[in-house]
Structures are given as C-alpha cells and as structure tokens.
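Coordinates in review
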2 protein chains.
Amino acid sequence: MLHAVVIKGCFQDSVTLMVVSRDLSANPQVNRVSVMMGTPANKSVFRETGLWHAALDAATPNDLCIVVDSEASDPATADAMAEAVSARLAELARGKRTAGYPVARSWRRAQQLLPEANIALISVAGHYAHEPARQALESGCHVMIFSDNVSLEKEIELKTLAREKGLLLMGPDCGTAIVNQAPLAFANRIPTGAIGVVGAAGTGIQEVTSQIARLGGGITHALGLGGRDLSERVGGISALTALDFIAQDPASRVIVFISKPPAASVKERILATLQAIGKPAVALFLGERVIARNVGNVHFTQTLDETAALAVELAGIDSRLAILPDVSGTTICGLYCGGTLAAEAAFLLAERLAVETDAAHPDGVMLHALGHRIIDLGDDSYTRGRPHPMIDPSSRNDVIAKLSDDPAVGVLLFDVVLGYGGHLDPAGELARAVGELRLARGAAAPLVVIATLTGTIGDPQDLAGQTRALEDAGITIAESVRAAVLLAASAVSAKPASAGEAPPLLRETPAVINIGLRGFADDLLHNSVRVVHQQWEPAAGGNERLQRLLAQLN
Amino acid sequence: MLHAVVIKGCFQDSVTLMVVSRDLSANPQVNRVSVMMGTPANKSVFRETGLWHAALDAATPNDLCIVVDSEASDPATADAMAEAVSARLAELARGKRTAGYPVARSWRRAQQLLPEANIALISVAGHYAHEPARQALESGCHVMIFSDNVSLEKEIELKTLAREKGLLLMGPDCGTAIVNQAPLAFANRIPTGAIGVVGAAGTGIQEVTSQIARLGGGITHALGLGGRDLSERVGGISALTALDFIAQDPASRVIVFISKPPAASVKERILATLQAIGKPAVALFLGERVIARNVGNVHFTQTLDETAALAVELAGIDSRLAILPDVSGTTICGLYCGGTLAAEAAFLLAERLAVETDAAHPDGVMLHALGHRIIDLGDDSYTRGRPHPMIDPSSRNDVIAKLSDDPAVGVLLFDVVLGYGGHLDPAGELARAVGELRLARGAAAPLVVIATLTGTIGDPQDLAGQTRALEDAGITIAESVRAAVLLAASAVSAKPASAGEAPPLLRETPAVINIGLRGFADDLLHNSVRVVHQQWEPAAGGNERLQRLLAQLN
C-alpha cells in the first residue's frame, strides 16, 4: 500500500534526500521508497514509476515529497514516517550548523562573506541552475554547473554571456574539475605537475588524472566542459576558453584534451587551437579510431590509460629538454646499425612530419625529408667489404665524424645494440666519436645526441657500464625508438611562446561560493579552500509565474 | 700509394678480417684499408672503391686479399704488412685451438663429433651458404642462415626442402634467434617466460625481447625468418613452420609476430594462422597503420615498445586467468557508474567483438551485442528520482542482484570511482553485493568479477582499504578499463587447445654445428650449448667450375 508525506517549504539537496531515502528503505516492511522535491518533473517520475499518491497534487518544488510502498496498510504508517523524516532532517541541520564555513541565504550575502570569490559551484536541480549561474557570471565569477537537465538554449545563453565577460563556464552536467588543487564536485586528489587537462568527460577526467598520479605524474588543473559543449550548436565555447587559459598558464607544459568525438567543425577548431598553442598535447576523442598518431605537437590516443601514459611521457620529455642544450640546427640525423630500428625511427619521424616514407631505400636511406635523414648503416651499400657496424663500430663513426661539416643537424640519433655477436664496447666507441664530433663542431654548433640501448643486464657487454659510458659523454638515453623520436622532434621544434603570467582563475587557489549540494562545500573546506555555502531554494516557493513577475520587478 | 698482399689458401671469417683490418688502420701512415677474401664480388668492391691493385688479379675466393692506401711509398711496406698480418693470423689461430669446443673440417666429421646436433648455424659468405644449408637439411637438421646475399631462387629451393622435411629454415639474412636460451648469432640474454616470438626483423626481435626483459617478462623462444620470407614469392614458408612450432609448444602462451608489412596474400595467411592457433597474439607489421586494434585474439601494435608492453600484459592476463574460476557463462555484463568509463568499455569490447557501438544509448545501454552488455547506470533513466550510483551504490547493487537469474553471464565488470563527492565506501558496498550474488547463483554458475579502481592514495576513501575490500571479496582489480576488457574477453573465450608436447626443436637446449663466424660458436659455448665448429672453406679453392664437377661426382 502507498503512503505519502509532504513536508511544505522544506527544500533539500539530493544527498539529504538520499539519506532520508535510505533510512526509510531500512524498514523491512518497506518495498519501495521515493523521496523527491515536488517539481513538475519529479511528479511525472512518481507517476511513471507507479508511486503516485493524491497527497502530491498540491506539492510545490519547495515541498519535500515522500512516497513509500509498504506491506503495512495502517494509515498511522504515514505519520510514523513523517516523524522519522523530521527527526532525521533536524539531525542533519544540526550537523550543518557546525560546518566550519559561513552559510548565506542569498548570492549577495555570499559575496559579502567572501568578496574574493571567483568560482560559483552550482548543483541545484537543473531546472533552476540557470538563474544562479547568470547571477554569478554577471558578478564576474567563473561558474561550474554540476547540475544536468539544463536546456540547450539556456546553456548557449549562459556560455555566450561567459565568453563576453572572459569567464569560464564549466558545465552544465560537468561532474569534475580541479583548479589549483581545489576539487570541484567529483574529483580525486592529484599531485601537482605539468599537465593541464581539459575535458568533456567527468569520469574520464577522474580516470586520466588518477592514472597520471599512479604513473608518478601530476597536473596543474583539470577543467571540465560538460557533455554538450563540443556539439555543433554550442560550438565548444567553453573548450576554447579553457584551452586559452591553459595556453596562457606557464605551469601547464603539456595539455590533455578528452571528450567523446566532437562535431566535425568543432573538432577542427579544437585541433587548430591545440596546434596554435604549440605545447605538446594529447587528444583523446573516445570511440573514434585513430588513423595518424599525431599531427605536429598533437598526439592522438584511443584509451584513457594510453592518454595518461603519453601525457606523463611528454611531461618527462619536457623536463629532459630543459636540461639539454638549445640547438641551432633544425634537422635530425639518425644513424642506425639495426635495420628494424632504423625503419621504426623513419616511420615515426615521417608520421610526425606528415610525410611518407619511400618503399625503396637507396643506400639505406630510410627517410630523407625536410632536411631530416634516417639511415640504416647495416645496408649492403655500407657493408660490402666491411663488417657490419654492429660488429665494427668504425664504419658508423666515420659517418658521425662527417657531421662536423653539417651545422644544420641539431639532433643526432643512433642505436646501441648489445648482445651476443655484437661489438663488446659499442657505447665506448660511440662516446669517443661523439666527443670528437662535438670538438670539431665547436660551441657554435651544439648538438643533442640521443641513443636507444637495446639489451639486457644479462648481455656480455655490461648494460650498466654501457649506460654510464653514454651518459658520461653527454648522450641522452631514450627508453625506446618511439621515445627517442619524440624527444628528437621536440628538441628541434620551435618552443611554444613562453607565457607570461597565468590567467587570474589559474593563478591561485580559488575562493568558491557553493550553491546546492552541501557535501561539495565540505570537500572544499577539507582541502583548505575558502568557501561559502549559499543555502538555495527556488524563489517564490518554486511558483514559476510568481518567479517571472519577481524577475520583472528586479 | 696502394700496397697489396695476397695470402694464398687462407680462408678467414669476417671477424678475423675485421681484426686484421683494424690492426692495419692503427698505423698512422695508413689512409685506407680493405681486407677481404678474393671472391668475384669482393674484387668488384676493390675496383669500385678505388683500391684495385694488379696483385689481386690471380686471387681466388680462398685467398686473403689486403690492400692499403698509405703515405709510405717504400715497396718494403707491403712486406712489413704481410709479416704483421701473418703474425696476427697465427695468434688468432692459437686462440682458436683452445676454444673449448671441437672443430671439424667437414659436415660429416662435425656430425660424428655431435651426433645429437639439431641446428646448423651458417654464416659463410652468402654466395656459398646454399651448399652447407642443403647438406644440413638433408641430414635432418634445422638451419639458420645468418648470411645475406643468398639468391631468392636458392632461398625458395631450400625452404621448400625444409618444409618437405618438417624442418625450420631461419634466414637467409636472419640475424637473430633464441632457441631455449641458446643465442643464435646476434641475440640478447632474455629471461625465460611465456612469450614465443616469431619475426622477420633481426634488431626488431632484439629490441622487443630486450623490452620484454626490461618489463619483467620473458620468452620461450625467438625464431627468425629472414627479411624475404613474407614476400609473395617465398610465401611465408618459414613463418608458417615457426608459428606451427610455437602453436604446439605448451610453454609459449602468448605469441609475438614482428615483420615489415608482408605481401597481402601472405599477411592474410599469417593472420588466419594466428587466429586458428587461438593463443593471445601481438602482431607488429612495422610501418603499417593500425586500423582495428585487434581481430579476435590477435592484437595489432605500431611500435616495438608497444609490442613488448602488450605481450607482457597478455602474459600477465594469462597467468591471472589461471587462478580465476572457469566460468560456464559466456557473456560479459558491465555495470558502470562512470559514463566515460562505460563508453570506453563499450568501445573496446565492440572492437574486440568486431561489432559497432550505437550512437544512441537507450537506458544507458552502451553496448548490447552477442549477449554482452555494457550499461551506464549514471544514465538519466536510472537517476530520475534517485541519487547517482557514485553517491549511492544501492541502485547498482539492485542491478547486480538481478544477475542471479542470468547464468549466461560469466563475467561481471564494474568501476569503483573514489574521490571527493562520491560514496565513502563503494568497494565495501560492491563486495557485499557480489557476495550475495555469488551465494544466490551457487557453485553451478561461477562468476568472474573484474573491477577498475579510479582513484589515488590521497583520496578520502583510502585506496589501500578499498583495494583490500575488493580483493577479499574475490574481485579481480584491473589496472585500466582497457586491461579489464582484455581480461574479461579472455575469461569468456574458448581456451586454445591445450598442446601436448613441444616439437623436438623447442623441447630442449639445441646442439649446434656452427659454420662460418667463430664468434657465434664462442657465444654458444659461453651459454652452455653443445657446439661443434665446422672450419669451412669454399670447395675446390672456390673455383666454381671445379665445384660443379665435384658436385656431379658426389
């Protein structure tokens, strides 16, 4: 039998509703419970789910509605229920009074209590989110709307307003953001690092940032957009603002962009923006197949874990670059003794440069494009009458020596292949050749030298000793040919314009006015973020006609 | 000025030639040195490189030819040179006499010395490799031809013979193989593990196996093919034999296949074979763009490091599967609270099943194909009037409970999302729900449960405690959604037919007859491999007409 209780003028957030709901569910006589505010939409849900009760008829959006399907047919059940709910609400209210942050009844009051507030975090029912969001934007605050069920028209209206004011509107339906370590709504505790995240995928951001942390990386910020931002009609307004902010932020050295596949025109704009920014970037359009692995500085991935791993790798490359000499030469010369390693380097560099490798490789030249060269010195044309360079490093050393005449080469790439059959000290031989080359080129033509080291600790050459020999000669060791090409391409790329100061939003820990779910304010407080909670309820008791009249009077 | 020395009847391998060459180069008066056997091809090289000397005219392939371009014009220079070379050759010969393995003058004698020999490793000049290879195959030995410059016709002839005899011919131009820890030619010391490698890329095999070792994995064997095996004309004869051997080998639980892109028809045959074998496999066709990430059990990668990483991951999955219950249910049910995580699981599972995901997701159903389902329980249809399952796990638990009626489900997948905003003990709630479900299903319908855990050690839920709660409930934790889908798909896949015994070649450490470069025999000895070195020189002093006559007499 259905029992209903309506408590008038008692607006509650959804977490409170859940607590009440669970209290009631715990009663073994109770089959089903529904606890909602009396909005028109919620009333429809009561109807559709077979929990309609005549008592709900008069309920307004400001009234707490409780319907229970119970074994008990006693009408006193409803009274007992009402009493239990009231007691629990009183208990919750007592807890809230000792929250540790101020509570305001209006936006104006909240601003007085926290004049430096620069973000409004809004989680009221979607139907009502528009109004506080507009108010916040007009007061010059950035806004995050956690609420869903905001109409597309309202979203466009708010985002247009935000853009005009140079503000960021995250959401609606934005579940996750982190600004300078402040967790907004659903967010994990992520170490500070070099990666700036922008995304239209709540748990996607949570998973990627968590994986970044697991891999030893960290983030600057994670800015959410909401699921519709990249649609044709919204046009990525928030995405472009967020990318602009991250572009200006000098601490964000690597960018991660995550979303479902955007509308074609929006995707084009996002990619053009990422390329214009020039910082190394990873873009995941989840569900879309990757054809090219990268377009210039923008790398594409297919899964969340690959996105995190590549971002951490790019951040590592960025730190490595910082300690390498700035080179004036702009081309890469790869001199390989391993044919497959040369082929891989050529393939990856060609992809990076958006050129094709030839099927034919005259004289072992695997790639020769835009001044870059990758050469397989194990090719027949080098080994006729001479031992293979894996056995005798001198043939490669001769080619290395000739780079003294070629100041255009900024990066020298090569492989060091250990193992049975090969030379017993390839690293020593290469270190000597590189030392002589550097001497011949002089200080005016600095050179970045990157080696890959194929081999294991069990090999006869002594992996540790070979590693040391390379490092002592100022040769950078990359973990794979892929990593070597990434690093090489970055070393000869134009550095992104060094940003001055971060935009105000990203400059320091935000100050937040929280409107809606109390728990979000608790979490901010727990993270030492200045926060004021605005105790929000629909104006005019949720009566829409009255609301419109009030709006006209204001 | 050019000086020449020709030492008659003194066949030397290429490493010896290198040692001599370096000795001479060390003389500061010497500009260039060339040291080669007097084959017609080498004589052309002397001519093309401007080092021709009339003394070479009469040289045969069995004569050691040395030409030096020196500052010294004194004709005594050549005499001094000849003396130095003879002294060094004598010294090297003394070293070889104490090598520690028997040396034979003929194949027959070598076989007498090592009757259990099952591999011939051939590294004589390519022009001559055919004869010893044929002899070895006819004696029932597998063959690895390190030498290059073997004609395509000879390669096909030898491979056809090998196939008829059920033998593996690796090469020609096969730089690397490892059979039961025995390094053949260029190879690294790789720990023993579950990954069987087959490849037509020498340094590719070295790099992948080294990366496997670096990642903590290991290999069973690495079988080389030579660069032309996958061409249209050769048709992958050796590749198919190698795959057949690895398929039969019960220790090889995961297969890696590496090559440049094969001819289309050959590629098709290779892929069909890998699919028929059914073991998890990683295929890298270096330089080819990957469109689908996998076809059934065959995964595609684009770089050597990705190949190694995925192979190690698949081997890890294989060991994990071994300790999970065998399930009778054949479908996967994914119940997600994170929308992006659900989308990723659906995308990856669809790719695995070669089905398409729909753009529309009625009731949060991200995928429903072949009985498998991935559902986003954060979808509106589940949260109308109820809190989001990230806040209140009970809504998901209700759906989990219903799986008691669905014995077709063999794997339950879900996400556990930690962080601010979410429930404080999601793992505990899920552990309880899974326990109840297992009880309800009973022993007759065992279930594999796989969770991903989004979160960090800084999160309010206590990552370690949440991990423990899941593990204690017999829930397997995957490192990412990608890993979870891989594991889930493997758990419901038909297990590859359990092989009986490995083929003879792979059963134990091989016994090798080494023909050509002495160093390869030294390396085998160093690895406790039984080896006999066959001191090879061209028959009839390299006179081809005489050789043909001799062949007719035999």
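Read on for an overview of the structure. (Residues numbered from 1 in each chain as written. Chains lettered and ligands numbered in written order. Predicted model: local features only at pLDDT ≥ 70, side-chain atom pairs only at ≥ 80, totals over all residues. Heavy atoms only, no water.)

Observations concerning the overall build of chain A
Heads up, the rule is: We count a stretch as a helix when DSSP gives it H or I for four or more residues in a row; a strand needs E for two or more, and each element gets its number in order from the N terminus. We take the radius of gyration over the C-alpha atoms and set the globule estimate at 2.2 Å times the residue count to the 0.38 power. Only protein chains enter the accessibility calculation, which uses a 1.4 Å probe; a residue is then buried when its area is under 20% of its type maximum, exposed when over 50%, and partly exposed in between. Computed with the Shrake-Rupley method and a 1.4 Å probe, the accessible areas treat only the protein chains shown as cover for residues. None of His or the chain ends enter the tally, which takes Lys and Arg as positive and Asp and Glu as negative. One atom stands in for each charge, and that atom is NZ of Lys, CZ of Arg, CG of Asp or CD of Glu.
Along chain A, the regular secondary structure elements total 19 helices and 23 strands. Taking 554 residues into account, the globule formula puts the C-alpha radius of gyration at 24 Å, and chain A, at 31 Å, lies well above it. Each principal axis of the C-alpha distribution contributes one length, and for chain A these read about 105 × 50 × 40 Å. Classification of the 554 residues of chain A by burial places 58% in the buried group. Here chain A has roughly 21500 Å² of accessible surface; of this, 53% comes from carbon and sulfur atoms. With 46 positive and 59 negative side-chain charges, chain A shows a spacing of 7 Å between the two charge centroids.

What to know about the interface of chain B and chain A
Applied cut-off: Throughout, a residue-residue contact means that at least one pair of heavy atoms, one from each residue, lies within 4.5 Å. Put simply, buried area is the surface a 1.4 Å probe can reach on two separate parts but cannot reach once they are joined, added for both. Take a side-chain nitrogen of Lys or Arg and a carboxyl oxygen of Asp or Glu: if they are within 4 Å of each other, that pair is a salt bridge. Under the rule applied, a polar contact is a pair of N or O atoms within 3.5 Å (in protein, one hydrogen donor and one hydrogen acceptor; residues adjacent in sequence only if both atoms are side-chain atoms). Amino acid classes used here: Ala, Val, Leu, Ile, Met, Phe, Trp, Tyr, Cys and Pro are nonpolar; Asp, Glu, Lys and Arg are charged; the rest, including Gly, are polar.
Between chain B and chain A, the contact holds 75 residues from the first and 76 residues from the second. Both faces combined, the contact of chain B with chain A buries some 6300 Å², and carbon together with sulfur accounts for 54% of it. Linking chain B to chain A there are six salt bridges. Between Asp305(A) and Arg482(B) there is a salt bridge whose closest N-O contact spans 2.8 Å. For the interface between chain B and chain A, the tally reads 46 residue pairs in polar contact (both at pLDDT 80 or more). Considering every element that reaches the side of chain B that touches chain A, the biggest residue donor is helix H7 (residues 202–214) of chain B, with nine residues. For the side of chain B that touches chain A, a count of residues per class yields 28 nonpolar, 27 polar and 20 charged.

Brief notes about the pairing of strand E6 (residues 142–145) of chain A
All names here are of chain A. To keep it simple, the criterion reads: Should DSSP find at least two bridges between two strands, the strands are regarded as paired. Think of it like this: strands point away, you trace from the first strand over the helix to the second, and a clockwise trace means the crossover is right-handed.
Burial along E6 is two-sided: His 142 and Met 144 and Val 143 and Ile 145, pointing in opposite directions, are all buried. One ladder, built from four bridges, connects strand E5 (residues 119–122) with E6; its direction is parallel. Paired with Ile 122 across the bridge in E6 is Ile 145. In this region the chain leaves E5, passes through helix H5 (residues 126–138) and returns to the parallel neighbour E6; the handedness of that crossover is right-handed. The pairing of E6 with strand E7 (residues 169–170) spans two bridges and is classified as parallel.

Observations regarding the sheet that holds strand E17 (residues 365–369) of chain B
All names here are of chain B. Selection criterion: To get an axis, fit a line to the C-alpha atoms, keeping to the stretch in contact for a helix; angles then go from 0 to 180 degrees between the N-to-C directions.
The mixed open sheet is built from six strands, whose spatial order is E17-E18-E16-E19-E20-E21. On the outer flanks of this sheet lie E17 and strand E21 (476–478), each paired with one strand and no other. Along the sheet, successive strands turn relative to each other by an average axial angle of 20 degrees, direction set aside. Sheet topology note: the strand E16 (residues 331–336)/strand E18 (residues 372–376) ladder contains four bridges and is parallel. By the bridge assignment for E18, Cys 333 is matched with Arg 373. Across the sheet, helix H15 (residues 463–472) lies against strand E19 (409–417), strand E20 (448–454) and E21, angled at about 175 degrees from E20, the strand it touches most.

Topic: the side chain of Arg293(A)
Following the sequence through the fold, Arg293(A) ends up in the loop between strand E13 (281–285) and strand E14 (294–295). On the accessibility criterion, Arg293(A) (17% relative accessible area) is buried. Of the polar contacts made by the side chain of Arg293(A), one reaches the side chain of Glu306(B); its length is 2.7 Å. The contacts of Arg293(A), once residues within four sequence positions are left out, are Val298(A), His299(A), Phe300(A), Leu348(A), Glu351(A), Arg482(A), Gln302(B), Thr303(B) and Glu306(B).

Comments concerning empty space enclosed by the protein
All names here are of chain B. Formally: Throughout, the protein atoms alone are placed on a 1 Å grid, and a set of points is a cavity if a 1.4 Å probe fits but cannot get out or a pocket if it is open with protein on both sides within 12 Å along at least five of seven lines; lining residues have an atom within 4 Å of a point. Grid points are joined across faces, edges and corners, and a volume is the space filled by probe spheres set on the points.
Taken as a whole and assessed by the stated rule, the structure comprises six cavities of 30 Å³ or more. By volume, the largest cavity is sized at about 60 Å³. Considering the residues around the largest cavity, the lining is formed by Cys 337, Pro 389, Met 390, Pro 393, Arg 396, Asp 415, Val 416, Val 417, Pro 426 and Leu 430. Contributions of two or more residues to the lining of the largest cavity are made by E19 and helix H14 (426–441). Residue contributions to the lining of the largest cavity peak at three residues, all from E19. Of the residues that constitute the lining of the largest cavity, the class distribution is eight nonpolar, no polar and two charged.

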